Amino acid sequence: MPNRLFQGIVNQMRDSLDRNIGVVDESGSVIACSELGQIGEIRKGVVSAGVFSGVQTCVDGCTYKAFGNSVHPEYAVFLDGTDDMSKRYADIIAVAMDQIKQNNDEKFDRSNFVKNVILDNILPGDIYIKGRELHFNNDATRVVFIIRIVKQTDVSVYDVIQNFFPDKSKDFVININETDIALIKEVRQNVEMKDLEKLARSICDTLATEFYCMAVVGIGTCVTGIKSLAHSFKEAQVALEVGKVFDTEQSIVSYENLGIARLIYQLPTTLCDMFLKEVFKSGSIESLDQETLFTIQKFFENNLNVSETSRKLFVHRNTLVYRLEKIKKITGLDLREFDDAIVFKVALMVNKYLNSSPVKY
């Protein structure tokens, strides 16, 4: 592609300049030239003369100026002549060629295309047109992971994740911001969520054990079609935010398994306030101390079983019953009754949601 692109520009410049111009690649091969007969010629002295060091160089009666990657330039323009005018022309043409190459790379860069899709930076009507241009498989099943760095290290997590998934024709690793990296992974149809969670777990474990980097991962749902990637991306974001509110100890959070937490997260705060006031008519939830809240948590974890809960708390059964009676007196809810327990559980989650400051997408 660059050969055809550069030749087109050289053809346009040929009539404006009074000398032979062209482009060589990093091996010294002429890939575009106003004198078509020179295309394919190998200029052996170019590489040894340091043309690709980035400094303008004169070799065998021609002026060269490298362009492309700022660290390791891949191409260089050349003009016949070594006078001041040739040097000026070389600088100007190199800048023009570099800008054209960057625009072309961006246009045909799949990762950039995927990034624009998931961030909704491309019109829906252009997605399929662009996808066809890039030969993007629209029928593949994909899922979006968001790896969020919660403890920074000196290592480039972006490079590490890229090394995990080297097949750039199927998997895409994209920097979203200073903490979030998106992984768009092609998966088989009907893949199970436990397999995706296992993959996410391996990423977190490797980052923690080998690079001392702590991360959490949000997983969207599996989607088919390029346009749906934005949907999976937003789900992964929601999974992270909901997990931050309700499952603070979990490092892997999938959108499919959010359960009632997802419903609460989508409720207006005014409605949540009304619900809490209706539930706790007798007293405020804030009147419950930490010991009481811990008791409630263990009671729920042990499926409302008084004997099992008292054993886990290392307290006498009557002590636990006394605490439950105290909770009933304060809140008006008897946690030994299933319906009251359900209402109380939801109320605790709603209160937790209101006390957080979640970012909604």
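Look a little higher up for the structure.
Residues numbered from 1 in each chain as written. Predicted model: local features only at pLDDT ≥ 70, side-chain atom pairs only at ≥ 80, totals over all residues. Heavy atoms only, no water.

Caption draft 1: Up close: the nonpolar core. Counting residues in each nonpolar core, the largest one holds 34 residues, and the members touching the most others are Phe 246, Phe 280, Leu 335 and Phe 344. Residue assignment for this core shows that the elements contributing at least two residues are α8 (229–246), α9 (260–265), α10 (269–279), α11 (290–301), α12 (306–313), α13 (317–331) and α14 (338–355). Among the elements that take part in this core, α14 stands out by supplying seven residues, more than any other. In this structure, Leu 335 is in contact with Ile 296, Phe 299, Phe 300, Leu 304, Leu 324, Ile 327, Asp 340, Ala 341 and Phe 344, ignoring residues within four places of it in sequence. By size, the runner-up hydrophobic cluster in this structure holds 24 residues, among which are Val 143, Ile 147, Val 160 and Cys 213. (Core = buried A, V, L, I, M, F, W, Y, C linked by side-chain atoms within 4.5 Å. Buried < 20%, exposed > 50% of the residue type's maximum accessible area, 1.4 Å probe, protein only. Helix = DSSP H or I, 4+ residues; strand = E, 2+ residues; numbered from the N terminus. Contact = heavy atoms within 4.5 Å.)

Caption draft 2: Layout of the environment of Val 51. Its place among the elements puts Val 51 in the loop between α2 (45–48) and β3 (57–59). Separated by 25 residues in the primary sequence, Val 51 and Glu 26 have C-alpha atoms spaced 8.9 Å apart. Setting aside residues up to four positions removed in sequence, Val 51 forms contacts with Val 46, Thr 57, Val 59, Tyr 64, Ala 66 and Ala 76.

Caption draft 3: Layout of the pairing of strand β1 (residues 21–25). Most of β1 is tucked away: five of the five residues are buried. Both faces of β1 are covered, namely the face carrying Ile 21, Val 23 and Asp 25 and the face carrying Gly 22 and Val 24. Bridge count between β1 and strand β5 (residues 75–80): five bridges; the pairing is antiparallel. Residue pairing for β5: Asp 25 is matched across the bridge by Tyr 75. Judged from the three bridges that link them, β1 and strand β2 (residues 30–33) form a sheet pairing that is antiparallel. Bridging from a neighbouring strand, Gly 22 pairs with Cys 33 of β2. Counting the residues between successive antiparallel strands, the hairpin from β1 to β2 contains four residues, one of them, Gly 28, with a positive phi of roughly 90°. (Pairing = 2+ DSSP bridges.)

Any link to function would need more than the numbers given here.
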